[in-house]
Amino acid sequence: MNQYMEKTDASLVHTYNRFPVVMEKGEGVYLYDTDGKKYLDFAAGIAVCGLGYGNRELNQTLKEQIDMLTHTSNLFYNTTCGKAAEALKKLTSMDRVFFTNSGTEAIEGALKAARKYAYKKGSGRYEFIAMEHSFHGRSIGAVSVTGNEHYRTPFEPMLPGVKFAKFNNLDSVKALVCDKTCAVILEPVQGEGGIHMADPEFMKGIRKLCDEEGILMICDEIQCGMGRTGSMFAWQSYGTKPDIMAMAKAIGSGVPVGAFAMTEAVAAYSLEPGDHGTTYGGNPFACAAVAKTAEIFERENLLAHINEVGAYLEDCLNGLKNELPDEIVERRGLRLIQGIKIKKPVGEVINKALEEGLALISASDNVLRLVPPLIITKEHVDEMICILKRILE
Ligand SMILES: *Cc1c(COP(=O)(O)O)cnc(C)c1O
């Protein structure tokens, strides 16, 4: 273990299983540790650093914003916040945006917005239907809708009124609907749960069910959103639109920021002044990151790049699976969010990859999760495949 880490890690609450490496610097799609060793990064700080590391334009914007204004709280409107909201409105086609400081908080806000809507409509609805193997965050509200007992059990009792349906099984959702159902919440691509994509019929079926029953549909786009699937937000490729959505991770390119957004139809009956708030949320610094990230996405036409490189990544992983049928069980995912279920213990594979200069993460049931910076090129994919093949075969 790195000496620096040995000395300082003891003063932190032991909540993370960290890798035995101390990262010091990032450049493009590479990380460098304190010994100067270089790592090709297919983790992107858990799907956060979409623009990679050291983006000059983003960094310059952030430096200028620091000198201008970083915080006033929501006592005052600031134009950077307005600019970021406009940018997200355009990308999501939602009507109203609320900025938070994390994904978890975006989920909390989305749940509150749904409950307030039901309250104001006088419908008496308060229950949430969530999916098995979902992940929505670690606060009591977010963990209550997270379909994984490992995250929930030590913190019980959970929020009342949450039921879990089987992902991609519309009948199991229908079976849970009653006149108390307030909202259905789901990730269009389950991340932590092992990179499982919603079937088109499932997404469309949920939308139809919600419309018929007067239930709100909430999409958690925190991991799969912001271009990663080749659509700006994953739900957009299904021809459905949620009523409320949560974003975070890549929207700030590494600056801590999240957001939830809703349609005008929801907003008209939802949160009002005094209902919800956050001291830091919507601060000019975080919002400068969001606005600049959105600007770079559009100008550089990153979606086209993601579709091209993402399709190449899919081909390469399919090829690797064909070459190593005894080692790779399944490839799942879309474009730059991929999971490969393997036979070898995933922890060992990740540690070996780290030794060989490749940063990877896992998900759920022995799945290697590939969520690289969105700016990776085909050459980077080749480099990753070469290392991975050596380790897996
Ligand atoms: C990471 C994640 C969250 C939680 O976001 P934080 O910023 O860690 O609070 C919620 N939902 C999904 C799908 C995530 O991937």
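Above: the structure in question.
Residues numbered from 1 in each chain as written. Predicted model: local features only at pLDDT ≥ 70, side-chain atom pairs only at ≥ 80, totals over all residues. Heavy atoms only, no water.

## Quick notes on unusual backbone geometry
Note: most peptide bonds trans; most residues except glycine with negative phi. The omega torsion across E156 and P157 is 5 degrees, close enough to zero to call that bond cis. Looking at the element boundaries, P157 is found in the loop between α7 (149–152) and β6 (162–165). Phi at A44 takes a positive value of approximately 55 degrees, unusual for a residue other than glycine. For A44, a relative accessible area of 0% translates into the label buried. For S253, which is not glycine, the phi torsion reads 50 degrees and is therefore positive. Looking at the secondary structure, you find S253 in the loop between β11 (244–247) and β12 (258–262). (Helix = DSSP H or I, 4+ residues; strand = E, 2+ residues; numbered from the N terminus. Buried < 20%, exposed > 50% of the residue type's maximum accessible area, 1.4 Å probe, protein only.)

## Overview of the site of the ligand
Around the ligand, a shell composed of S102, G103, T104, F135, H136, G137, E187, D220, I222, Q223 and K249 is seen. Separating an oxygen atom of the ligand from a side-chain N or O atom of T104 is a distance of 2.5 Å. Interatomic distance of 2.8 Å between a side-chain N/O atom of Q223 and an oxygen atom of the ligand. Within the complex, 82% of the 380 Å² of free accessible area of the ligand lies under protein. (Near = heavy atom within 4 Å. Polar contact = N/O pair within 3.5 Å; in protein donor to acceptor, adjacent residues only side chain to side chain. Areas by Shrake-Rupley, 256 points an atom, 1.4 Å probe, with all protein chains shown as cover.)

## Regarding the state of the cysteines
In protein chemistry, a disulfide is the covalent bond that joins the sulfur atoms of two cysteines. On inspection of all chains with the given rule, the structure shows zero disulfides. Looking at the unpaired C182, the closest cysteine sulfur is the one in C210, lying at 10 Å. Since its relative accessible area comes to 3%, C182 is described here as buried. (Disulfide = S-S within 2.5 Å.)

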